[in-house]
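The primary structure of each chain is shown beneath.
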Amino acid sequence: MSRSRFNAVHHAPWVASVGLFVIWELGVRVSGMPEYILPSPSAALAAAWTFREAIWMHAEQTMITTLGGFLIAVIFGVILGAAVGSSRIIYSALNPILIGFNSVPKIAVVPILVMWFGIGGIPAVLTAFLISFFPIVANVATGLATLEPELQDVLRSLGASRLDILRKVGFPRSLPYFFTSLKVAVTLAFVGSVMSETVAANVGMGYLMMSASSKFNVPLVFAGLLVIAVMGIVMYGIFSLLENRWTKWAVRGARSA
Amino acid sequence: MPQTGLKVSVMDSTPVTTAFVEIDKVRLRYLEGDGLALEQTSMTIAKGEFIAVVGPSGCGKSTLLKLVSGLIRPTEGKVRVDRQEVAGPLKIVGMAFQNPTLLPWRTTLDNVLLPLEIVQPHRSNLRRQRKAFEEKAMALLSSVGLAGCEKKFPWELSGGMQQRASLCRALIHEPDLMMLDEPFAALDAFTREELWDVLQGLWMTRRFTVLLVTHDLREAAYLADTIYVMSKRPGRILVRYDNVLPRPRNQEMTFRQDFGDLVHELKGHIRTVRAA
Ligand SMILES: Nc1ncnc2c1ncn2[C@@H]1O[C@H](COP(=O)(O)OP(=O)(O)O)[C@@H](O)[C@H]1O
Ligand SMILES: [Mg+2]
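A quick note: this is a predicted structure, and the numbers were derived from the prediction, not measured.

Visitor: Is there a simple way to explain the overall build of chain A in this structure?
Guide: Scanning chain A for helices and strands turns up 11 helices and 0 strands. Taken from the N to the C terminus, the helices and strands of chain A come in the order α-α-α-α-α-α-α-α-α-α-α. Dimensions of chain A, computed from the C-alpha atoms along their principal axes, are close to 75 × 60 × 30 Å. For chain A, the residues scored as buried account for 42% of the 257 residues in total. Here the contacts in chain A between residues at least 6 apart in sequence split such that 75% fall between residues at least 24 apart. Carbon and sulfur atoms make up 72% of the accessible area of chain A, which amounts to about 14000 Å² in all. Counting 17 positive and 10 negative side-chain charges, chain A places the averaged centre of each group 7 Å from the other.

Visitor: Honestly, the packing of aromatic side chains in this entry has me stumped. Any pointers?
Guide: Remark: the centre distance and the inter-plane angle together describe each pair of aromatic rings, the angle taken between the planes. The final tally for this structure, using the stated rule, is 13 aromatic pairs over all chains. Ring centres of Trp116(A) and Phe117(A) lie 6.4 Å apart, and the angle between their planes is 85 degrees; this geometry places the pair in the edge-to-face category. For Phe117(A), a relative accessible area of 42% puts it in the partly exposed group. Between the aromatic rings of Phe50(B) and Trp203(B), the centroid separation amounts to 5.6 Å while the plane-to-plane angle is 75 degrees, which identifies the pairing as edge-to-face. Taken together, the residues span a long stretch of sequence, with Phe50(B) in strand S4 (residues 50–54) and Trp203(B) in helix H5 (residues 189–206) at a distance of 153 residues. Judged by relative accessible area, Phe50(B) falls into the buried class, the value being 0%. Cluster of aromatic residues (ring-pair linked, three or more members): Phe76(A), Phe101(A), Phe129(A) and Phe133(A). The lysine or arginine in question, Arg52(A), covers the ring of Trp49(A), its NZ or CZ lying 4.0 Å from the ring centre.

Visitor: Mind showing me how you'd approach the packing of helix H4 (residues 159–171) of chain B against H5(B) here?
Guide: For any two helices packed against each other, one specifies the inter-axial angle together with the distance between the axes. All names here are of chain B. Interhelical geometry of H4 versus H5 gives an angle of 20 degrees and a closest axis separation of 11 Å. Relative to H5, the element H4 lies roughly parallel. Regarding H4 and H5, the two cross each other, and that crossing is right-handed. Each of Gly-160, Gln-163, Arg-164 and Leu-171 in H4 lies in contact with H5, whose residues at this interface are Thr-191, Glu-194, Leu-195, Val-198, Leu-202 and Arg-206.

Visitor: Looking at this model, I keep getting lost on the site of ligand 1. Mind explaining?
Guide: All names here are of chain B. Around ligand 1, the surrounding shell consists of Tyr-30, Ala-37, Ser-57, Gly-58, Cys-59, Gly-60, Lys-61, Ser-62, Thr-63 and Arg-233. In this structure, Lys-61 approaches ligand 1 through a main-chain N or O atom, which is 2.8 Å from an oxygen atom. Burial of ligand 1 by the protein amounts to 64% of the accessible area it has alone, namely 560 Å². The class makeup of the residues in the shell around ligand 1 is 3 nonpolar, 5 polar and 2 charged.

Visitor: In this structure, what is going on with helix H9 (residues 205–214) of chain A? I would like to understand it.
Guide: Given 3.6 residues per turn, any residue in an α-helix points the same way as the ones three and four places further on. Residues and elements named next belong to chain A. Among all positions in H9, only Met-205, Gly-206, Leu-208, Met-209, Ser-211 and Ala-212 are buried. Here the buried face of H9 lies against helix H3 (52–86), helix H8 (162–200) and helix H10 (218–246). Remark: Phe-216 follows H9 within two positions and exhibits a positive phi of approximately 60 degrees.

Visitor: Would you mind showing me how to read the pattern of salt bridges here?
Guide: Close approach of charged atoms allows side chains with opposite charge to pair. Residue and element names in this part refer to chain B. One pass over the full model with this rule turns up 20 salt bridges over all chains. A salt bridge links Arg-27 to Glu-76, with the shortest nitrogen-to-oxygen separation between them at 3.3 Å. Residue Arg-27 is located in strand S2 (residues 19–28), and its partner Glu-76 is located in strand S5 (residues 76–81); the two are separated by 49 residues in the primary sequence. We classify Glu-76 as partly exposed; its relative accessible area is 45%. Notably, a salt bridge pairs Asp-110 with Arg-130, separated by 3.4 Å at the nearest N-O pair. Pair noted here: Asp-110 is in helix H2 (residues 108–113) and Arg-130 is in helix H3 (residues 122–143), with a separation of 20 residues, a long-range link.

Visitor: In this structure, what is going on with the pairing of strand S7 (residues 93–97) of chain B? I would like to understand it.
Guide: The side chains of a regular strand alternate between both faces of the sheet. All names here are of chain B. For S7, a buried count of 5 out of 5 residues is recorded, marking the element as mostly surrounded by other parts of the structure. Alternating residues of S7 divide into Val-93, Met-95 and Phe-97 and Gly-94 and Ala-96, and every residue in both groups is buried. Here 5 bridges tie S7 to strand S8 (residues 177–181), and the two strands are oriented parallel to one another. By the bridge assignment, Val-93 is partnered in S8 with Leu-177.

Visitor: I keep staring at the interface of chain A and chain B and nothing clicks. Help me out?
Guide: With 18 residues of chain A in contact, the opposing surface of chain B contributes 22 residues. Of the roughly 2000 Å² buried between chain A and chain B, counting both surfaces, carbon and sulfur atoms make up 71%. Our count for the contact surface shared by chain A and chain B stands at 2 salt bridges. Notably, a salt bridge pairs Arg123(B) with Asp164(A), separated by 2.6 Å at the nearest N-O pair. Linking chain A with chain B are 3 residue pairs in polar contact (both at pLDDT 80 or more). Mapped onto the side of chain A that touches chain B, the elements with two or more residues apiece are helix H7 (149–156), H8 and helix H11 (248–256) of chain A. In the side of chain A that touches chain B, the residues fall into 8 nonpolar, 2 polar and 8 charged.

Visitor: In this structure, what is going on with the confidence of the model for chain A? I would like to understand it.
Guide: If pLDDT is low for a region, its predicted coordinates should not be looked at in detail. Residue and element names in this part refer to chain A. Here chain A shows a mean pLDDT of 91. Residues at 70 or above account for 96%. The spread of mean pLDDT over the elements of chain A runs between H11, the lowest at 58, and H3, the highest at 96. Across residues 253–257, confidence stays below pLDDT 50; counting only partners more than four residues off in sequence or on other chains, it has 2 contacts.

Visitor: What's the story with the environment of Val78(A) in this structure? I'm lost.
Guide: Residues and elements named next belong to chain A. Structurally, Val-78 can be placed in helix H3. Looking at Val-78, the relative accessible area reads 26%, which means it is partly exposed. In this structure, the C-alpha to C-alpha distance between Val-78 and Ala-141, residues 63 residues apart in sequence, is 8.5 Å. If sequence neighbours within four positions are ignored, Val-78 has contacts with Ala-73, Ile-136, Val-140 and Phe-178.

Calculation notes
Residues numbered from 1 in each chain as written. Chains lettered and ligands numbered in written order. Predicted model: local features only at pLDDT ≥ 70, side-chain atom pairs only at ≥ 80, totals over all residues. Heavy atoms only, no water. Helix = DSSP H or I, 4+ residues; strand = E, 2+ residues; numbered from the N terminus. Buried < 20%, exposed > 50% of the residue type's maximum accessible area, 1.4 Å probe, protein only. Contact = heavy atoms within 4.5 Å. Areas by Shrake-Rupley, 256 points an atom, 1.4 Å probe, with all protein chains shown as cover. Lys, Arg positive; Asp, Glu negative; His and termini not counted. Charge placed at Lys NZ, Arg CZ, Asp CG, Glu CD. Phe/Tyr/Trp six-rings, centres within 6.5 Å; stacked < 30°, edge-to-face > 60°. Lys NZ or Arg CZ within 6 Å of the ring centre and 35° of its normal. Axes fitted to C-alpha atoms, helices over the stretch in contact; angles between N-to-C directions. Parallel < 35°, antiparallel > 145°, perpendicular 65-115°, else oblique. Left-handed = near helix turned anticlockwise from the far one by under 90°. Near = heavy atom within 4 Å. Polar contact = N/O pair within 3.5 Å; in protein donor to acceptor, adjacent residues only side chain to side chain. Nonpolar A, V, L, I, M, F, W, Y, C, P; charged D, E, K, R; others polar. Salt bridge = Lys/Arg side-chain N within 4 Å of Asp/Glu carboxyl O. Pairing = 2+ DSSP bridges. Buried area = accessible area lost by both parts, 1.4 Å probe. pLDDT = per-residue confidence, 0-100.

Right under this line is the structure:
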């Protein structure tokens, strides 16, 4: 890649994001859109600054519930993905259930969780978990199930047990799939926790935005959206970095190209 | 025509006294209701013999290798190795395929060491003897011309180099049986013929028993002691040639009359098989 193209690729995300805000700002000012319908980004940022202490407190709560749910999703997803990916019987038994489960809108599950656990952090953690484990299961299972048959023959003819094959080949090979799914799953986990906080919590970004909108503080609602977006981008970035570190061998093509 | 490849009819191929691999009236059907993949097949392979199996694609050559390695069980008949009936995956087998199947996250050296992490008794000795094992792997790598590549990753090697590494991985645990399923089919002609010599060299020093599947008749004539021609599906052994060309064979020999005649005759068989 030439140096100038490298720079362009590097700067493109900043240019696009800043551009979006500029267009948004200009659009609101030129059209004279009232603040209670669509506030300008500068108004949203001003609201974020004014309510920074409240936002910090609620964001912290959302971060904790999101990561809590995500952590459970990773543990559960890896175990279930390993089972589904290494046994054809388990795969055919669980596949319809998993697809059915994934098709249920998780917002419909929140009232049930509230019935069981009451209002607060637990439904948020569980919603984050429920919405984010599926991509992990699917990716880990795919990584394991797509082992080359020849490689399995080589290992089996050496007397390798199922567990040997998983340890030596299956898991290392599905690592890139796993990291891809983590990036998707962590952003989904935010969707889950905020959704649950919106209807069933007294704290968290979802609750903050809900109560701001009931007071017609629309700039604060948008400030909340921006904060959630930033948290999602940061977590995504962290998992991208880990992915690059640990699965370099899988992205070499993209690099040398 | 000077007879170099001695054609032997399948029927009166008398069992070798030192039979190491015996395939005894084996038939194989993969799935209930499917046709046979392998029609009644018998062959005996002596210890240290180098055999090649040629035949049209889909005739059951890979199936034959899997049967002997114990990866699949015959529908009828018996497979014996070292006088024991084969009941599950054999542990004295090394395998290499057209696709080198090296693990991209391991260095060449670690790829070659993989079998020692799995096969007993090496597996239990791995921690104590790591150094000795590594030295052995390095020696093997340099014997196939890969000295200095041990720290490289597979994707930093050319196709021919990967295939050399794959041969090393198949040999590191000193198997008695080598199963080679079209190992050189994806390589260019120069690299392929270089690797014939590499393989012949390894075989002449170690004398493991080899089953080589190939669709390259020159390859079969260059490498094998015995060449079997199979029919199209359902596979059956049609003829057997005792290849009496002297060893070690070299590239010069491939221009000789007797080599040419052997290849020519094999070609004639394949042509009739395909037309049938
Ligand atoms: N696992 C399998 N299940 C069902 N049929 C198979 C399987 N493997 C191979 N076959 C069939 O058996 C026949 C022989 O296959 P194979 O031994 O791979 O042929 P070759 O290696 O000579 O090209 C082919 O027709 C193939 O389609
Ligand atoms: Mg084949």
